[in-house]
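Secondary and tertiary structure notes
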Amino acid sequence: MGLFALPAERFDLLLTTVVGVRFKKVSKMYYFNPGKLNLRKGAAVIIDTQNGLECGICITGRIEVEDEKIVPPLRRVIRTATQEDLDTMVAKTEKEKKAIKICKLKAAAHNLEMKIIDAEYSFDGGKIIFYFTADGRVDFRNLVKDLAAAFHTRIELRQIGVRDEARVLGGVGICGKGFCCSGFLDDFQPVSIKMAKEQNLSLNPTKISGTCGRLMCCLKYEQSAYEHLRKTTPRQGNVVSTPHGQGVVTDVFLIKGDIKVRLDDAPESPPKTIPANECKVVRSGKSMRVPADDVPEGEES
């Protein structure tokens, strides 16, 4: 294989030209077929979606992506948005604000334990989707009837989780920056308490939870690095050989790439800090070490 040759399987990848489009500032990005349109990032476009025509903003220009990343069917961009389309979007935003207020009043009138988070008009005004949170299931059938009578259009209510609520409402995290979910995250990645443990973080819920009350999304960002380092770094209690002799690992500093080793030749001295890549694991655990030359024939150390 030549110096610049690619693995054979790379030639089997099929690429499709698409543009990435968002319909709301904090919504997921979707891929669409741009056809012959020369679209750039930031361009407003009219899209043929399963819910009819919608107006969105290009998050990317024309790019090529692997077919496996595309959810079929790949719908197309109809045209670039006109000034009239943009005016319609501005008016739609104002109507959505009023719709939220009306929905809150009617939900309160029906004594429904629900929190109205957002409203979304379809581009043609034929449907309104209300997003809400609640502790459990909510019987909102009568509320839908009232809303349909008030707006004279189709009504849909969708219950969302607290993470989606944080994405819609936005805010500032404990890091001092805006919520990741409101900025650049397209999808919520699974996050577990195991990640916090592996990253040696405090397991105090107030330290590792976001404003939404769930584990912080950013625990996922460095997890792959920690997983790699844990596979390649001796663990606490391992018996290792070092440039200074054999010893037991007493502490591990994954990110710095160092470990502390209590050397057999100096058991009373403080553990010595040594780069992990200069050490080799001889044995796992804290079992007694016997030089190989002293192991009787037929026995293991």
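In what follows, the accompanying structure is described. (Residues numbered from 1 in each chain as written. Predicted model: local features only at pLDDT ≥ 70, side-chain atom pairs only at ≥ 80, totals over all residues. Heavy atoms only, no water.)

1. Description of the overall build of the protein chain
The cut-off we apply is this: Working definition: helices are DSSP H or I runs of at least four residues, strands are E runs of at least two. Numbering for both runs from the N terminus. For each residue, the accessible area found with a 1.4 Å probe, counting protein chains only, is set against the maximum for its type, and the residue is called buried under 20%, exposed over 50%, and partly exposed in between. Contacts were defined at the residue level, with two residues in contact if any of their heavy atoms lie within 4.5 Å. With residues, only the protein chains shown are counted as cover, and all accessible areas are computed by Shrake-Rupley using a 1.4 Å probe.
Summing up its helical and strand segments, the protein chain has seven helices and 14 strands in all. A buried classification covers 33% of the 301 residues belonging to the protein chain. Pairs at least 24 apart in sequence give 56% of the contacts found in the protein chain among residues at least 6 apart. When the accessible surface of the protein chain is totalled, it reaches about 19500 Å², and 52% of it is carbon and sulfur.

2. What about helix H2 (residues 141-151)?
Cut-off, in case you're wondering: The directions from the helix axis to the C-beta atoms form the arc being described.
All of the buried residues along H2 are Leu143, Leu147 and Phe151. Around the axis of H2, the buried residues are gathered within 55° of arc, so they sit on the same side. When the buried face of H2 is taken as reference, the exposed residues oriented beyond 90 degrees from it are Arg141, Lys145 and Ala149. Contact partners of the buried residues in H2: helix H1 (83-109), strand S7 (115-121), strand S8 (127-133) and strand S9 (154-159). Backbone geometry just after H2 places histidine 152 at a positive phi near 55°.

Geometric descriptors of this kind do not, in isolation, establish any biological role.
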